[in-house]
Each structure stands twice: as C-alpha cells, then as structure tokens.
Amino acid sequence: MQIHYRRLLDDLRTLAKFGQVRTGVHRLSFTPEDGAARHWLLQRMIEAGLDAQIDGIGNVYGRTKGVSKAILMGSHTDSVPKGGWLDGAMGVLYGLEIARSRIEAGVQSDVGVDVISFADEEGTYRALAGSLSFCGQLSDADIEAAKSQQGTTLREALSESGYAGRPRVKLDPGRHVAYLEGHIEQGPRLEIEGKKIGVVTGIVGIRRVHVTCTGQADHAGTTPMHLRKDAGGALISYCHDLMQRFAQVRSPDSVWNFGHIVFEPGAGNVVPNLARVLIEFRDVSEVTLDRMQGEIIAAATQANGRGGVSVQANELIRISPAEMDERVATMIEAAALSRGAASLRMPSGAGHDAMVLTRHVPTAMLFIPSIGGRSHDITEDTNEADICLGIDVLADTVHALAESNAKRS
Ligand code: GLV
Ligand code: MN
Ligand code: MN
C-alpha cells in the first residue's frame, strides 16, 4: 500500500484555507469557516469511498464499508483563536489518507479504518465536546450548560449550524478495536532531543477555574482610594498571591495560565465592579492538581471581603490525566524503529481527544516535531518531510494492528 504524500499535503493546504490568517487559521467551532471546513471534509471522505456523515454535535465521521471491525483514526479540525494549520487537522487528514490508500490498494482485511474529526476539541463552547459525545459522556444537560465566552450556548450554536436534531454517532465496542491519533508535538522536546517521532505515554489532566471579584462601580476620579470597593485591584492582588502559592506546590511538570481576564464595566474612569480571571492548570498527577486547586480556594478565602470585595472561585472544567495503551504505543515505537526514525516516549502537555477515547478503547498517539516548539499561534509549522515520515509510521502501525486484530477474530 502506497501513501500519496502529495495528496496529503495538498489536502492539508486546502483545509488551511478555511479561516486562513496569514500562515495560520482562525477556525473557531461552529463558525461559518468551521462549518465550511466540515462540509469540505465530508466531501473528501465520500470521494475516498467512506460512508460519511456530520452528526448532531458536528462530528464528521467516515466509515470504511464492508468491514466488521475498524481502527478509528482522527483528531479535530476546529482551532484556537489565530491558531496553527496543523493542530488537529493533521491527525484527521492522516486518518483520511490512510483509509483512502487502503481502499485504493484493495487491502484485503476484515479490519478497516474509520476516520473522525471531533467537534470543538479546543473548547470554544465545551472542550472535547465531540469526543465526549462519541463516547457517551456528553448529556443534553451538558449541551445546554456549555457556553462560549460571549454567552452563546452550545445548543444555540448547533441549531445555527444545522446539526441540532441529527443523531449523534457513537463508539461501537463491537467494531472499534483501537483509536490512533497523530498530532504535532506543540512543544520543543523532539526538536531539542533530535528525535523524529514522539510515542505518547500519557496526557496531562486539565482543570479550569473562574475566580470572580465583586465590588462596586464608582467614579474613578472622585472616589477616595480608601472608600473604593475595587474589584479590579482585588483581582490583580489575588493573581499575584496565587502565582506564589502555585510555586510552593507545583511539580516539575506543572503548568498554569491566566488566559482570559475581564474588568467590568471596563472604562478608564470607572472603578471596576466586577473582575474575573480564567485560570487553567495542568499536571500528570491528580494529587498535584488537587493541591493547586486547594491553593486557588485558600487564596480566595483569604482575600474574600478584603476592601469590601467578595472573591469566589468556581470550577469550570476537570479532565483527569489519561494513560495511553502500552501495547499500541509499543507498536508505534516498533514501526518507527523499522523506518529508521529515532523515537522518544513522552507525556503530552496538551489535551487531545485521545484522553477521552482511552477510557473506552485501546488508544495511542504519535507526535511529530513542531518547528521551534511553536503552536496555538499562526507561526506553528512542521517540515513536510516530518509530516510524511509521521504518516508512514502511523500507516505501518495501522497495518500491524489490523493484522493482529484480524488474527484474533
Ligand atoms: C488543546 O489544544 C489543549 O491542550 O488545550
Ligand atoms: Mn490545540
Ligand atoms: Mn490539537
């Protein structure tokens, strides 16, 4: 079976035109650009001979016809604001190219390849919504509760996009023997260590907490400092305190980010009556995550009421750390070795749909290097030769997995 590298690279470049921003993409979930990309992908799946559909959460899913079992391959095609062209897109198009090449080559196997682009992995409304839905972990109440920063609900976005009311596709334990996700590393380790293939051992847990300070709006010129209930100043002090607290309880792997902040009403001459920060923190250990969250709460308790400002912490997202399947990871490692590619076992600091799938089906991930470690930015890039090597290693892994599962039946 021959992978068509040129076709893969052309598909990647075509997909990158949907929501293109210079060298990157701005393709937030359920925007017109995201919808157009999904419809393009649906057509490419149908042209490849897959039985394809877009489901009730926006997942684009293509099944190989005439097989009783399948290796599921994919990732996501939504992006962060002004993100990169390969984050997610590459894993989906790896799956498409491998499925298509196998169909074209007439590979005789009872185990096919199914391809999926999961909706809203990046969490414009609800991080990992598509994979959670696929694994039966997203209820109607979750869809009702999920909201964008602008306050639009996921339910409204689904209606607007025309997906609401469609059936939601589900993992089929009788059919899906494994899930394989190819992805760019999004960090610098492979490049620094001179390795070409990352074999993912596990994925960090991710938590998000909103901390909200509530005070009183007043004239910023006439209100003496000691009479203010300044929510903005309180939030800045809170964040400073929390940075020091995190440093006390962190592990070497811990990371945190103050990624979004709002001051209301948001004018230079009005004391803020409300200030809110979105804090995200990650670690491979649930114990460390608990310690960090404990500091968020302790800092809020300590600050609450000071200067007439209330301080409240509210958990938004809790995703547990996830391990990858050792047997499939070893198969990726062996495939890399037989292609002469140096590989590295490594944890993933980024979240991926694989962290949902791994609780239901043997799951593994392959990384290829990111130039300069850059990602979640339009500068994100990877050498074409590395993209081609990555798909070769993944295609070999699919072949080995298909063989081993066909033998078992
Ligand atoms: C996904 O890209 C994440 O790590 O948030
Ligand atoms: Mn991402
Ligand atoms: Mn991604």
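As shown above, the structure is provided for reference.
Anyway, here's the lowdown on the structure attached to this text. Predicted, not measured: the structure shown is a model, and the values here were computed from it.

### A closer look at the coordination of the manganese ion (ligand 2)
Geometry sets the ideal angles at a metal, namely 109.5 degrees for four tetrahedral donors and 90 or 180 degrees for six octahedral donors.
Here is step 1: At the metal site, the manganese ion (ligand 2) is ligated by Asp87 (OD), Glu122 (OE) and His376 (NE2), and these contacts range over 2.0 to 2.2 Å.
Here is step 2: Donor residues for the manganese ion (ligand 2), ordered by position in the chain, follow D-x34-E-x253-H.
Here is step 3: A distance of 3.5 Å spans the gap from the manganese ion (ligand 2) to the manganese ion (ligand 3), which aspartate 87 bridges by coordinating each metal. One end of the pair, aspartate 87, is in the loop between strand S5 (69-76) and helix H3 (89-104); the other, glutamate 122, is in the loop between strand S6 (111-118) and helix H4 (129-134), with 35 residues separating them in the sequence.

### Description of the site of ligand 1
Here is step 1: Surveying the vicinity of ligand 1 reveals the residues Glu121, Glu122, Arg282, Ala350, Gly351 and His376.
Here is step 2: For ligand 1, whose unbound accessible area comes to 200 Å², protein coverage reaches 89%.
Here is step 3: Class assignment of the residues belonging to the shell around ligand 1 gives a composition of one nonpolar, two polar and three charged.

### Things to note about the coordination of the manganese ion (ligand 3)
Here is step 1: Coordination of the manganese ion (ligand 3) by the protein comes from His76 (NE2), Asp87 (OD) and His183 (NE2), over a distance range of 2.0 to 2.3 Å.
Here is step 2: Read from N- to C-terminus, the donor residues coordinating the manganese ion (ligand 3) fall into the pattern H-x10-D-x95-H.
Here is step 3: Take histidine 183: its relative accessible area is 1%, and that puts it in the buried class.

### Notes on the layout of surface pockets
Here is step 1: In this structure, the second largest pocket encloses a volume near 210 Å³.
Here is step 2: Lining the second largest pocket are 13 residues; nearest its centre among them are Gly233, Ala234, Ser237, Ala303 and Arg306.
Here is step 3: Elements with a contribution of two residues or more to the lining of the second largest pocket: helix H8 (231-249) and helix H9 (286-303).
Here is step 4: It is H8 that provides the largest number of residues to the lining of the second largest pocket, a total of five residues.
Here is step 5: Split into classes, the residues belonging to the lining of the second largest pocket amount to five nonpolar, four polar and four charged.

### Description of the environment of alanine 303
Here is step 1: By secondary structure assignment, the location of alanine 303 is in helix H9.
Here is step 2: By relative accessible area, which is 14% here, alanine 303 ends up buried.
Here is step 3: Not counting residues within four places of it along the chain, the set of residues in contact with alanine 303 comprises Tyr238, Val309 and Val311.

### As for the packing of helix H2 (residues 32-47) against H3
Here is step 1: The N-to-C vectors of H2 and H3 enclose an angle of 15 degrees; their axes lie 10 Å apart at closest approach. One finds that H2 runs roughly parallel with respect to H3. Every pair of crossing elements has a handedness; the one defined by H2 and H3 is left-handed. Residues Trp40, Leu41, Arg44 and Met45 of H2 lie in contact with H3, whose contacting residues are Val92, Leu93, Leu96 and Arg100.
Here is step 2: Residues of the contact of H2 with H3, tallied by class, amount to six nonpolar, no polar and two charged.

### Some remarks on the pattern of salt bridges
A pair can form between side chains of opposite charge whenever their charged atoms are brought close.
Here is step 1: What the rule picks out here adds up to 26 salt bridges.
Here is step 2: Between glutamate 193 and arginine 189 there is a salt bridge; the shortest N-O distance is 3.8 Å. Separated by four residues within a single helix, glutamate 193 and arginine 189 lie in helix H7 (residues 189-193), roughly one turn from each other.
Here is step 3: You can call arginine 189 partly exposed: its relative accessible area is 33%.
Here is step 4: Here arginine 282 and glutamate 280 are joined by a salt bridge, their closest N and O atoms 2.7 Å apart.
Here is step 5: Judged by relative accessible area, which is 14%, arginine 282 ranks as buried.

### Side note on a nonpolar patch on the surface
Here is step 1: A contiguous nonpolar surface patch, about 270 Å² in accessible area, is contributed by Ile236, Ile261 and Phe263.
Here is step 2: Take isoleucine 236: it is sitting in helix H8.
Here is step 3: A relative accessible area of 52% places isoleucine 236 in the exposed class.

### Focus: unusual backbone geometry
Here is step 1: That bond from glutamate 264 to proline 265 is cis: its omega, 5 degrees, falls within 30 degrees of zero.
Here is step 2: You can see proline 265 is positioned in the loop between strand S11 (255-264) and strand S12 (270-271).
Here is step 3: At aspartate 120, a residue that is not glycine, the phi angle is positive and equals roughly 50 degrees.
Here is step 4: Residue classification places aspartate 120 among the buried residues on the basis of a relative accessible area of 0%.

Reading the values: the criteria
- Residues numbered from 1 in each chain as written.
- Chains lettered and ligands numbered in written order.
- Predicted model: local features only at pLDDT ≥ 70, side-chain atom pairs only at ≥ 80, totals over all residues.
- Heavy atoms only, no water.
- Donors = N, O, S within 2.8 Å, 3.2 Å for Na, K, Ca; no water.
- Helix = DSSP H or I, 4+ residues; strand = E, 2+ residues; numbered from the N terminus.
- Near = heavy atom within 4 Å.
- Areas by Shrake-Rupley, 256 points an atom, 1.4 Å probe, with all protein chains shown as cover.
- Nonpolar A, V, L, I, M, F, W, Y, C, P; charged D, E, K, R; others polar.
- Buried < 20%, exposed > 50% of the residue type's maximum accessible area, 1.4 Å probe, protein only.
- 1 Å grid on protein atoms, 1.4 Å probe; cavity = no way out; pocket = protein on both sides within 12 Å on 5 of 7 lines; lining within 4 Å.
- Points joined across faces, edges and corners; volume = space filled by probe spheres on them.
- Contact = heavy atoms within 4.5 Å.
- Axes fitted to C-alpha atoms, helices over the stretch in contact; angles between N-to-C directions.
- Parallel < 35°, antiparallel > 145°, perpendicular 65-115°, else oblique.
- Left-handed = near helix turned anticlockwise from the far one by under 90°.
- Salt bridge = Lys/Arg side-chain N within 4 Å of Asp/Glu carboxyl O.
- Patch = residues over 30% accessible without salt bridge, like charges linked within 9 Å, V, L, I, M, F, W, Y side chains within 5 Å.

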